[in-house]
Amino acid sequence: GRPREAILHVLPSYVATRPMALVLVLHPLLLDHEKMREVVRVERFSDQGEGFLALFPNGIDHSWNAGECCGTAKDERVDDVAFIQELLAEVSRTHCVDSARIYAMGFSNGAFLSHRLACDLGDTIRAIAPVAGTLGIPEADCKRETPLPVFAIHGTDDQLVPYEGGPPKALHGIFESFGTFQAPTATDAFWAQHNHCFTSTVPDFTRGEVSCRRHECAAPVTL
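Participant: Looking at this structure, how should I read the state of the cysteines?
Facilitator: Throughout this description, disulfide means a covalent bond between two cysteine sulfur atoms. Under the counting rule described, the total for this entry stands at 3 disulfides. In this model Cys119 forms its disulfide with Cys142; the gap between the sulfur atoms is 2.1 Å. For the disulfide bridge between Cys119 and Cys142, the dihedral angle about the S-S bond is near -95 degrees, and by the sign convention the bridge is left-handed. Here Cys142 lies in the loop between strand S5 (127-131) and strand S6 (150-151) and Cys119 lies in helix H5 (residues 109-120), a separation of 23 residues in the sequence. Exposure remark for Cys119: the relative accessible area of 1% places this residue in the buried category. A relative accessible area of 13% places Cys142 in the buried class. With its sulfur 1.8 Å from that of its partner, Cys197 forms a disulfide with Cys217. Every disulfide takes its handedness from the sign of the S-S torsion; for Cys197 and Cys217 that torsion is 90 degrees, giving right-handed. Placement of the pair is Cys197 in the loop between helix H6 (184-194) and strand S7 (202-207) and Cys217 in the loop between strand S8 (210-215) and strand S9 (221-222), with a sequence separation of 20 residues. Each bonded cysteine in the protein chain gets a number by its place in the sequence, and the pairs come out as 1-2, 3-4, 5-6. With no disulfide of its own, Cys212 lies closest to Cys217 among cysteine sulfurs, the gap being 13 Å. What makes Cys212 buried here is its relative accessible area of 13%.

Participant: How should I be thinking about empty space enclosed by the protein in this particular structure?
Facilitator: Left-over empty space is what a probe sized like a water molecule reveals as it rolls over the atoms. For the coordinates displayed, the defined rule picks out 2 cavities of 30 Å³ or more. Taken as a whole, the largest cavity spans an internal volume of roughly 90 Å³. The wall of the largest cavity is formed by 15 residues, among which Ala152, Pro184, Thr187, Asp188 and Leu223 lie closest to the centre. Contributing elements (two or more residues each) for the lining of the largest cavity: H6 and S9. Residue contributions to the lining of the largest cavity peak at 4 residues, all from H6. A per-class count over the lining of the largest cavity returns 8 nonpolar, 6 polar and 1 charged.

Criteria and cut-off values
Residues numbered from 1 in each chain as written. Predicted model: local features only at pLDDT ≥ 70, side-chain atom pairs only at ≥ 80, totals over all residues. Heavy atoms only, no water. Disulfide = S-S within 2.5 Å. Helix = DSSP H or I, 4+ residues; strand = E, 2+ residues; numbered from the N terminus. Buried < 20%, exposed > 50% of the residue type's maximum accessible area, 1.4 Å probe, protein only. 1 Å grid on protein atoms, 1.4 Å probe; cavity = no way out; pocket = protein on both sides within 12 Å on 5 of 7 lines; lining within 4 Å. Points joined across faces, edges and corners; volume = space filled by probe spheres on them. Nonpolar A, V, L, I, M, F, W, Y, C, P; charged D, E, K, R; others polar.

Structure, rendered in C-alpha cells:
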C-alpha cells in the first residue's frame, strides 16, 4: 500500500533485443536514490563497452529494512525485499534484462540490504559489492543455496559499523536506536563457508594501510 520510487539509468547504446546486465545501487541511511546517484556516478561505467542498466531504488524515509539495520524502514518492518523483487520484475517487463546478470552494490544501510537480498532472493542476485555494511540477519536465516561472489569494502576506523563488530561508537541522535552489528570479518567468514572455500585467505593486494584478502572459492569472496 505504499508508493515506491526508483530511477533507472539506461545506457545510450541500449538495444531492446539485447539482454543487459543490471546493477542495483542501494543508498545509505539518510540519503535517497537521487543523492546516491550523484555520489557514485555509476553512469561513468554503465555507458562503457557493453555496459549495464543501473537501477537506483528509494528507501522509506531514507532507510532500508535490512534486518539489524536501520531507521524507519526497520522500525516499521517495511518489506524491502518484496519491494526490490517487484521492482526487478517490473524493470524486466519494460526492458531487456539478463536475469543471469543482476547484481547489487550498496553503501552502509544499502550494503546491509545487499547481503539480505542475496540471502532472501536466492539466485536472482548473482553477486554483491557491499561497502561499510555487514550481514544484518541471523546466519541461520539466510535462505540462499548457491554460491555468491562477494566483494566487500570496510574501513577499520568505521564509527557506525565498527570493524570489530558491536554497536556504533558514535552514539547520538538516530544512531542510538541502532543494534549490534556483525564484524566484517565474521560476514566474510560466513560467505566463505557458504561458498565452501577450500583454503584460508590469500593476500591479493596491499598498498599502504589498505589490504585485500581473498578466499579461494568457485565463487570468490574478497574483503
